[in-house]
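# Inside the fold
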Amino acid sequence: MSRFSAIDSFWTRLAAARSPVLLLDYDGTLAPFCVERDQAIPYPGVRDLLEQIRAATGTRLVIVSGRAIDDLLPLLAIDPPPEIWGCHGWERLGPGGERPPVEIEPQARLGLNLAAQWLTTEGLTSRTEVKPASLALHWRGLDQAEQQSLGRKVAEGWRSLAAEHGLELHPFDGGVELRCPGRDKGSVVSQVLDEAGLDAVVAFLGDDLTDEDGFKAIAERGLGVLVRL
């Protein structure tokens, strides 16, 4: 099936779907990238559109983000909030408000703490984002040479910590992240697909390297859309 045939087929099935599912990345998809992360509010009209989709169509709306849920909620500013998976799937805010605790291995927690201490020693605290199961360093706003230099420095500083504590290094648009393994946006998409059932009509929209796992998971079972502005 060609790409255009697949899209036409998706719209046909969506028109008859009883319980469609829409999964959406946040940064770069619903909101612009910003040097100041707490200023990344949705594009104009996005909040209203999401609320209309949820209310008028009965769509299961799912936000899938690398951000922590507590970081995302005030930016998204939808009340009541939709279902949210944060920190690449380590956190979940259910549609009814349920929110299971995040549990990671003690060795991984130690590694993240040591990595955070290293960033403090190197004077990089202002560029650090601490999450429940990961630690991100942002370099958006720096010139290319500064980004490359900082990227090499952090990779060298974190590589041994990652190996010793069972963590993984993941680049993303604007930085690098030290993460607990085992969950990613692909695992979120897979779980939502399983919960929705084989007949569900599902789409996933994303824009970044961290969304590639989601695109792989939805292949053959739904529509993956790469967002580019």
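An account of the accompanying structure is given in this report.

Thresholds, definitions, all that
- Throughout this document, residue positions are counted from 1 along each chain, in the order its sequence is written.
- Local features in a predicted model are, by the rule used here, given only for residues with pLDDT of at least 70; side-chain atom pairs are given and counted only at 80 or more, and totals for whole chains, interfaces and linings are based on all residues.
- Heavy atoms throughout the structure, all of them, feed into the side-chain values; hydrogens and water do not.
- In this text, helices come from DSSP runs of H or I with a minimum length of four residues, and strands from runs of E with a minimum of two, each type numbered from the N-terminal end.
- Just to be clear, the radius of gyration here is over C-alpha atoms, and the globule rule we use is 2.2 Å times residues to the power 0.38.
- The classification of residues rests on relative accessible area computed with a 1.4 Å probe and restricted to protein chains. Under 20% of the type maximum is buried, over 50% is exposed, and intermediate values are partly exposed.
- Any two residues whose heavy atoms approach within 4.5 Å at even a single point are treated as in contact.
- Only the protein chains shown count as cover for residues, and the accessible areas themselves come from Shrake-Rupley with a 1.4 Å probe.
- Positive: Lys, Arg. Negative: Asp, Glu. His and the chain ends are not part of the count.
- By convention, charge coordinates are those of NZ in Lys, CZ in Arg, CG in Asp, or CD in Glu.
- Helix span, as expected, comes to 1.5 Å for every residue beyond the first.
- Polar contact is defined as a pair of N or O atoms within 3.5 Å, subject to the rule that within protein one atom must be able to donate a hydrogen and the other to accept it, and that residues adjacent in sequence are counted only when both atoms are side-chain atoms.
- Strand pairing follows a simple DSSP-based rule, namely that at least 2 bridges must link the two strands.
- Orientation is described by lines fitted to C-alpha atoms, with helices fitted over the stretch in contact, and by angles between N-to-C directions that extend from 0 to 180 degrees.
- The term salt bridge refers to a side-chain nitrogen of Lys or Arg lying within 4 Å of a carboxyl oxygen of Asp or Glu.
- Within 6.5 Å between ring centres, the rings of Phe, Tyr and Trp (the latter by its six-membered ring) count as paired, and their orientation is classed by plane angle as stacked under 30 degrees, edge-to-face over 60, tilted in between.
- Two thresholds decide whether a charge sits over a ring: the Lys NZ or Arg CZ must be within 6 Å of the ring centre and within 35 degrees of the ring normal.
- By definition, the crossover connecting two strands over a helix is right-handed if that path, from the first strand to the second, turns clockwise as seen with the strands pointing away from the viewer.
- We define a nonpolar core as any set of buried Ala, Val, Leu, Ile, Met, Phe, Trp, Tyr and Cys residues linked to one another through side-chain atoms lying within 4.5 Å.

In this section: the overall build of the protein. What the protein contains, in helices and strands, is 7 helices and 10 strands. Relative to the 2.2 N^0.38 estimate, which gives 17 Å for 229 residues, the radius of gyration of the protein is 18 Å and therefore close to what a compact globule would have. Across its three principal axes, the protein shows a C-alpha extent of roughly 55 × 40 × 35 Å. When burial is assessed residue by residue, the protein has 44% of its 229 residues classed as buried. Expressed as a percentage of contacts within the protein between residues at least 6 apart in sequence, the contacts between residues at least 24 apart total 57%. Here the protein displays about 11900 Å² of accessible surface, and carbon together with sulfur accounts for 53% of that area. Treating the 23 positive side-chain charges of the protein as one cloud and the 34 negative ones as another, the clouds have centres 1 Å apart.

Further remarks concern helix H6 (residues 185-196). A rise of 1.5 Å per residue sets the reference length of H6, with its 12 residues, at 16 Å; its end C-alpha atoms lie 16 Å apart and thus fit the reference within 8%. Buried residues along H6 sit against strand E1 (21-24), strand E2 (60-64), strand E3 (83-86), strand E9 (202-206) and helix H7 (212-218). Where H6 begins, one side-chain oxygen reaches toward the backbone nitrogen of Gly 186, 2.8 Å away; that side chain belongs to Asp 184. With its phi angle positive at about 95°, Gly 197 sits one or two positions after the end of H6.

Moving on, we come to the sheet that holds strand E7 (residues 168-172). Taking strand neighbours across the sheet as the criterion, the 4 strands line up as E5-E6-E8-E7 in an open arrangement whose pairing is antiparallel. Bordering the open sheet on either side are strand E5 (128-131) and E7, each of which pairs with just one other strand. Strand after strand, the sheet turns through a mean of 20° between neighbouring axes, direction not considered. On the sheet, helix H5 (residues 144-165) packs against strand E6 (134-138), E7 and strand E8 (175-179) and is oriented at approximately 5° with respect to E8.

In this section: the environment of Glu 156. Within the secondary structure, Glu 156 sits in helix H5. In this structure the C-alpha to C-alpha distance between Glu 156 and Phe 33, which are 123 residues apart in sequence, comes to 26 Å.

Within the structure shown, the criterion is met by 16 salt bridges. Measuring nitrogen to oxygen at the nearest pair gives 2.9 Å for the salt bridge that ties Arg 60 to Glu 83. Here Glu 83 lies in strand E3 and Arg 60 lies in strand E2, a separation of 23 residues in the sequence. For Arg 60, a relative accessible area of 22% gives the class partly exposed. Owing to a relative accessible area of 2%, Glu 83 belongs among the buried residues under this scheme.

Tracing the backbone through its elements, the reader meets Asn 113 in helix H4 (residues 106-121). A sequence separation of 107 residues divides Asn 113 from Ala 6, and the C-alpha atoms of the two residues are 46 Å apart.

Centre-to-centre distance and the angle between the planes together describe a pair of aromatic rings. In the structure shown here, the tally under the stated rule is 1 aromatic pair. In this arrangement the basic side chain of Arg 183 is found over the ring face of Trp 90, its NZ or CZ atom lying 4.3 Å from the centre.

Burial within E9 is extensive, with 4 of its 5 residues counted as buried. In terms of strand pairing, E1 meets E9 through 4 bridges, oriented parallel. When the sheet's bridge partners are listed, Leu 23 is paired in E9 with Phe 204. In this sheet, strand E10 (residues 223-226) lies alongside E9 in parallel orientation, the contact comprising 4 bridges. Note that in E10 the partner of Gly 206 across the bridge is Leu 226. For the segment spanning E9, H7 and E10, crossover handedness is right-handed.

In this structure, Leu 137, Val 154, Trp 158 and Cys 180 are the most contacted members of the largest nonpolar core, which totals 22 residues. If you list the elements that add at least two residues to this core, you get H4, E6, H5 and E8. For Trp 158, the contacting residues outside a window of four places in its chain are Ala 115, Trp 118, Leu 119, Leu 135, Leu 137, Leu 169, Val 176, Glu 177 and Leu 178.

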